Protein chains: 2
Amino acid sequence: MTAATDSLPPGFLADLAEYVAIPSDSRSAPMATMRAAAEWLAARLDWAGGRVEETDGFPVVRADWLGAPGAPTVLVYGHYDVQPTGDLTEWHTAPFELVVDGDVLRGRGVTDDKGPVLLVLEMARTMLAERGALPLNVRFLLEGEEEIGSPHLPAYVRAHAAELAADLVISADGAMWRPTEPSISIASKGLVALDVVVTGAAEDLHSGRYGGTVANPVHALATVLASLHTADGAVAVAGFTDGVDKLPPQRRAEIDAVDFDDEEYRAAVGAPELFGEAGYSTLARLWERPTLEVNGITAGGKYTVIPHRAVGHVSCRLVGRQDPDRVVEAISAHVAALDLPGVRVEVRADPGRVPAYRIEPDHPAVRAAREALAEVYPGQEVLLAVIAGTLPATTLFESALGAKTLFFSFATADEKHHAPNEFLRIARIGEGMRAWAALWDRLATGGTR
Amino acid sequence: MTAATDSLPPGFLADLAEYVAIPSDSRSAPMATMRAAAEWLAARLDWAGGRVEETDGFPVVRADWLGAPGAPTVLVYGHYDVQPTGDLTEWHTAPFELVVDGDVLRGRGVTDDKGPVLLVLEMARTMLAERGALPLNVRFLLEGEEEIGSPHLPAYVRAHAAELAADLVISADGAMWRPTEPSISIASKGLVALDVVVTGAAEDLHSGRYGGTVANPVHALATVLASLHTADGAVAVAGFTDGVDKLPPQRRAEIDAVDFDDEEYRAAVGAPELFGEAGYSTLARLWERPTLEVNGITAGGKYTVIPHRAVGHVSCRLVGRQDPDRVVEAISAHVAALDLPGVRVEVRADPGRVPAYRIEPDHPAVRAAREALAEVYPGQEVLLAVIAGTLPATTLFESALGAKTLFFSFATADEKHHAPNEFLRIARIGEGMRAWAALWDRLATGGTR
Ligand SMILES: [Zn+2]
Ligand SMILES: [Zn+2]
C-alpha cells in the first residue's frame, strides 16, 4: 500500500510543514512573523539570489535566474501571507500545523498560497540541478499582503519595474476550478470592499432604560443591507452594473455546455438550495456576473444594549469594465438616498480597489498552458474557466510591466480557501511540478506574447 | 475644600473597592469568581447570619435578622453579578478597579448593583450597632444571575418560600429615573430575549469563489431584522402588542405633566435625533410602550467570506399584560412567514422570560417610600416613574411569596448600567442610607400591605 505522500519529492513535506507553521496572517500578525515567512521563502530561493526587500508594508521576496540569454523572461508571482483563521472552534486540526490526512494536506495557507508556491520553487531547483540550466529566464516576486488587497504592491512594482521586467507573469496564486478536470482561468473578478458604518448615540445604551426612544443603529444597518438586493437576488443599487455587458449568446452557450451539476454543487457547499440572480445559470452567475456580498456585521453582542455603532462589511466582485470607484459612488448614493432617522450612515471604502482582469483564450501563454496540462492530464479536456475570486496583482502587472498574467495554480477552488479547514490535494503537488516544467519548456520555444 | 467621599462612612470606599475588584460577570466568570463575590457579601452580613447557599447555578447570599417580633418582615433583594465589560477600549478606567472621579465612583457594577446593595448592608449594620435592634425583621436574598435573567432563582425561591416569607420585598436593584429629583418606580418592563439564527451553507464560503450562487445568511438576516419595525418606528410583528392597553388619556396627561426635555435627553445620549414609535412622546415610549431591540449581530467578520451562519440577538421589553410566550410565538410566526430562499431560519428564545410588573401608587409601601424620600430630599417632589428595564425577580416574589416588591434603589438610570464607564454618584450613597433607615422606620409602624 502506498501513501499519497510517497509521490512527493524528498523533504517537500517537512519544508511545507515549516512554512505553514509560520502564522503569516497579514491581518493580524506582527512584522516579525511576516518577515520570518519572507526570510524562509528567500532561503529556498538561494539558487536564484533569493532576498527579502522592503516595501512600505510587509516585505516582498525577490529572486532572479537570468541564465538563458535570448530566451523569454517570466515573472513568477505568489504570496506568503494567509487569511485569518477565523473561529478556531470550527477547525478540526490546528491551523498552523501541517497535517497529512489521507489524500490531502491540511492547514491554513496550504492551498492559498503556500503549497502552490512551494511546488514551483521545488520544481525549479530540481530542474536546475538536473539540467544545469532552466529553459528560460525566471524572476520571482512573492508578496505578503495579497490577502489584504496588496496595498503596497503597486508602489513597489512601479518603483522596480525595470528590475521586474518580464514577457509574461505566471501566477502561482489562483485555483483550478474543480478537482474533476484540469482548467485554466482566463479571467478573474475585480474587488471593492467597503464598510457601511451606522452610528447612533454617543455610547452603548441600556436597551431597557433607553429602548424605544432612540434609533437603533442595528435596525438602520439591517434596513440598509436588506435594500442592497432585490427579492430575486439581483443587486438593487442603481449604477452598480455599469460596464457589465449583457451576456453574449455564444458565451452563454459555452457555459451551458460545461458539464456542471447544480445538485452536486449544492450538496458540496451544504446549502439547503442554490440561490442567485434571476435569469442566469449557477455557472453564469459565478463566472460572468458581478456580486455584492455582506461578509459580516460587527454590532453589539449578546447583551442588553442598544449598540451605538453597527458596521456591515461588504465586498463586491466586479466583471467586465466595471469601474471600482464608480461602484463605491453608486453604493454611497444608494445609501445616502435611504430615509434613516436618528442615525448617521457612512460608506467607508477600502483603498485597495481592483478592476476585473482577462487574458484572451488564444494568447500564446494560454495555448502553452493548455498543452502543458494536456501532457500531465492525458485524455482530459482542459476547461477555460474564470476565477470568481480576485487577484489584485494582475491589472497592476499589465499597467506597470506591460505583461499579461497567466494563472497557473495547482490549488483547487473547493479547498476551503479563506475558511476553516483549508486543505490541498497531495496529487496536485506532483502534477503541478510536472506541469510547470512542461509550461516553461513550451514558453521557451513557443513564445510568451 | 471637602471631597465628595468625605460624606461616606469610614471604610465604605475600601469595602466597595474590594467588592468591585471581584469580576463577577455572570456571562463569563467561572464559578470560583462568582462564589468569591458571594462569600464576600455573606461576610459583610455576619451580624445577620450571612451565608452562601447553593442553587443549580451561581449561589445566592442569604441572611436573616428576626429580632423584632410582631413587626413586619421585609426581604431585601439585590444581585452581586455584573454585566460583561464589552469592548475594553471604550473604558476610560479599568472596569474592575474602583476609581473616585470627582463626584462619582467608576467601575463595572458600581451602580448595578454593588453600590446600591452595599449601602443597605452598611446602613443596617450601623443602625443595629447604634440602636441595638432594627425596627423590623429583615431577610436578605442576593443573587448572582440577575444579569442573565435569573435562570435558577425561581426554583430556589419556590423551594425556600417558607424561609423567605416576608410581607414586602424591597429591591436594592433598579434605579432612580434621573438625577434631578427623587423618584419611585411603580412598574418595570418585562423581558423576552431571543436569537434569530440564519444558516446557509455547511461552512463559510469564499465570497469570490462562491459569491452569487448561494444565499448569503447575512442578507437574509438583514431582511428579517429590517422587517421587524415599520418605517415610523412601530413593531411590525402581528400580535406583538396583544395585552397592551391603549394609553389612557389620564396617564398620557400625567406623563405630559412631567418636566421632561427632549433636547436635553437627546444631548445626554448623544444621538443625532430622537426616534421612536409614532404617536407617543419620548417619555410615553419609555414608560408605557413595549419595545423590540436588536442588541447585536454575530455574523462573519471582516474577511472575504460568505458566513454560513448569521445570528441576530433580539430583546423585547414588555408592558401591561403582554404574555412573553405569546410574544415569542408572534415573532416566530412573523419570521416563518417571510420568503427567504436558500437559507434556514430559526427563532431560539431564551428560557428566562419575564412579564411586566406593577405596584399600585397607593400601596402602603409606596406611600412609606415617598415619605422617606421626602425626608431625605426636603422640598422636592417625588416622581412616580417606570423602570423601562426589567427586574425578573418581581413577578417571582409575587407568585412564590405573595409579596409585592418596592423598588428602592439609589442608582440613577443615567449611570451607564450595562455599558462601558459605569458610574455611581457618591452623594446617592449617603442619601440612600438615610432613606433606607427612614423607610424601615415607617414600614415598622405604618404597615407593609
Ligand atoms: Zn491567494
Ligand atoms: Zn441590576
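Predicted, not measured: the structure shown is a model, and the values here were computed from it.

**A few points about the overall build of chain A**
Argument step 1. If you tally the helices and strands in chain A, you get 12 helices and 18 strands.
Argument step 2. Taking 22 Å as the expected radius of gyration for a compact globule of 449 residues, we find that chain A reaches 23 Å, a close match to that expectation.
Argument step 3. Principal-axis analysis of the C-alpha atoms places the extent of chain A at approximately 80 × 50 × 50 Å.
Argument step 4. The burial tally for chain A puts 61% of its 449 residues in the buried class.
Argument step 5. Just so you have it, chain A exposes about 16,000 Å², and 52% of that area is on carbon and sulfur atoms.
Argument step 6. For chain A, the separation between the mean place of its 39 positive charges and that of its 62 negative charges on side chains is 3 Å.

**Here's the deal with the domain arrangement of chain A**
Argument step 1. Split by domain assignment, chain A resolves into domain 1 (3-188 + 357-446) and domain 2 (190-244 + 290-349).
Argument step 2. Here the C-alpha centroids of domain 1 of chain A and domain 2 of chain A sit 35 Å apart.

**Describing the coordination of the zinc ion (ligand 1)**
All names here are of chain A.
Argument step 1. In this structure, His-79 (NE2), Asp-112 (OD), Asp-173 (OD) and Asp-173 (OD) serve as the protein donors to the zinc ion (ligand 1), at separations of 1.8 to 2.8 Å.
Argument step 2. If you look at the zinc ion (ligand 1), its four donor atoms make angles of 50 to 149° with each other, and the shape they trace is irregular.
Argument step 3. Mapped onto the sequence, the donors of the zinc ion (ligand 1) take the spacing H-x32-D-x60-D. Within this pair, whereas His-79 is found in strand β3 (residues 73-79), its partner Asp-173 is found in the loop between β7 (168-171) and β8 (183-188), the two being separated by 94 residues in sequence. Judged on exposure class, the residue His-79 and its partner Asp-173 are both buried.

**Describing the relation of the copies chain A and chain B**
Argument step 1. Mapping chain A onto chain B calls for a rotation angle of 180° and an axial translation of 0.0 Å; the resulting RMSD is 0.0 Å. Classification of the inter-copy transformation places it as that of a two-fold axis. Across chain A, the rotation axis passes nearest the C-alpha of Ala-222 of chain A, at a separation of 2.2 Å.
Argument step 2. Counting the interface residues of chain A, we find that 100% of their copies in chain B are interface residues as well, pointing to one common contact surface.

**Comments concerning the sheet that holds strand β8 (residues 183-188) of chain B**
Residues and elements named next belong to chain B.
Argument step 1. Sheet architecture is open: three strands sit in the order β15-β8-β16, paired in mixed fashion. In this open sheet, the two strands that pair with only one neighbour each are β15 (357-358) and β16 (383-387).
Argument step 2. Across two bridges, β8 lies against β15 in antiparallel orientation. Its bridge partner lying in β15, Ser-188 is registered against Tyr-357.

**Thoughts on the sheet that holds strand β16 (residues 383-387) of chain A**
Residue and element names in this part refer to chain A.
Argument step 1. Strand order in this open sheet of three strands is β15-β8-β16, and the pairing throughout is mixed. Looking at the sheet topology across the chains shown, the edges are occupied by β15 (357-358) and β16.
Argument step 2. The pairing of β8 with β16 spans five bridges and is parallel. Bridging across to β16, Ser-183 finds its partner in Leu-383.
Argument step 3. Strand contacts of helix α10 (residues 364-376): β8 and β16, with the helix running at about 150° to β8, the strand carrying the most contacts.

**A short note on the interface of chain A and chain B**
Argument step 1. In this complex, chain A contributes 81 residues to the contact, which on the side of chain B involves 81 residues.
Argument step 2. Buried area between chain A and chain B, summed over both chains or domains, comes out near 6,900 Å², and the portion from carbon and sulfur atoms is 55%.
Argument step 3. Joining chain A to chain B, the criterion identifies two salt bridges.
Argument step 4. When the shortest N-O distance is used, the salt bridge between Lys-416 of chain B and Glu-203 of chain A registers 3.6 Å.
Argument step 5. Counting the contacts that link chain A with chain B gives 33 residue pairs in polar contact (both at pLDDT 80 or more).
Argument step 6. Every element with two or more residues in the side of chain A that touches chain B is listed here: β10 (205-206), α5 (217-226), α7 (262-269), α8 (282-288), β11 (291-300), β12 (305-306) and β13 (309-318) of chain A.
Argument step 7. Tallying contributions element by element places β11 of chain A first for the side of chain A that touches chain B, with nine residues.
Argument step 8. Split into classes, the residues belonging to the side of chain A that touches chain B amount to 33 nonpolar, 31 polar and 17 charged.
Argument step 9. Pairing of β11 of chain A with strand β11 (residues 291-300) of chain B involves five bridges; the strand directions are antiparallel. Among the inter-strand pairings, Thr-298 of chain A is bridged to a residue of β11 of chain B, identified as Thr-298 of chain B.

**Description of helix α8 (residues 262-269) of chain B**
Argument step 1. Where α8 of chain B begins, the capping side chain belongs to Asp-261 of chain B, and its oxygen is found 3.1 Å from the backbone nitrogen of Glu-263 of chain B.
Argument step 2. Downstream of α8 of chain B by one or two residues, Gly-270 of chain B has phi in the positive range, about 75°.

**Thoughts on the coordination of the zinc ion (ligand 2)**
Residue and element names in this part refer to chain B.
Argument step 1. For the zinc ion (ligand 2), the full set of protein donor atoms is His-79 (NE2), Asp-112 (OD), Asp-173 (OD) and Asp-173 (OD), at a range of 1.8 to 2.8 Å.
Argument step 2. Note that the zinc ion (ligand 2) binds four donor atoms; their angles at the metal cover 50 to 150°, and the shape is irregular.
Argument step 3. In the primary sequence, the donor residues of the zinc ion (ligand 2) line up as H-x32-D-x60-D. Note that His-79 is positioned in strand β3 (residues 73-79) and Asp-112 in helix α3 (residues 110-131), a separation of 33 residues in sequence.

Reading the values: the criteria
Residues numbered from 1 in each chain as written. Chains lettered and ligands numbered in written order. Predicted model: local features only at pLDDT ≥ 70, side-chain atom pairs only at ≥ 80, totals over all residues. Heavy atoms only, no water. Helix = DSSP H or I, 4+ residues; strand = E, 2+ residues; numbered from the N terminus. Rg over C-alpha atoms; globule rule 2.2 N^0.38 Å. Buried < 20%, exposed > 50% of the residue type's maximum accessible area, 1.4 Å probe, protein only. Areas by Shrake-Rupley, 256 points an atom, 1.4 Å probe, with all protein chains shown as cover. Lys, Arg positive; Asp, Glu negative; His and termini not counted. Charge placed at Lys NZ, Arg CZ, Asp CG, Glu CD. Domains from an automatic or database assignment. Donors = N, O, S within 2.8 Å, 3.2 Å for Na, K, Ca; no water. Tetrahedral: all angles 85-135°; square planar, octahedral: opposite > 155°, others 65-115°. Least-squares fit on C-alpha atoms with pLDDT ≥ 70 in both. Contact = heavy atoms within 4.5 Å. Pairing = 2+ DSSP bridges. Axes fitted to C-alpha atoms, helices over the stretch in contact; angles between N-to-C directions. Buried area = accessible area lost by both parts, 1.4 Å probe. Salt bridge = Lys/Arg side-chain N within 4 Å of Asp/Glu carboxyl O. Polar contact = N/O pair within 3.5 Å; in protein donor to acceptor, adjacent residues only side chain to side chain. Nonpolar A, V, L, I, M, F, W, Y, C, P; charged D, E, K, R; others polar.

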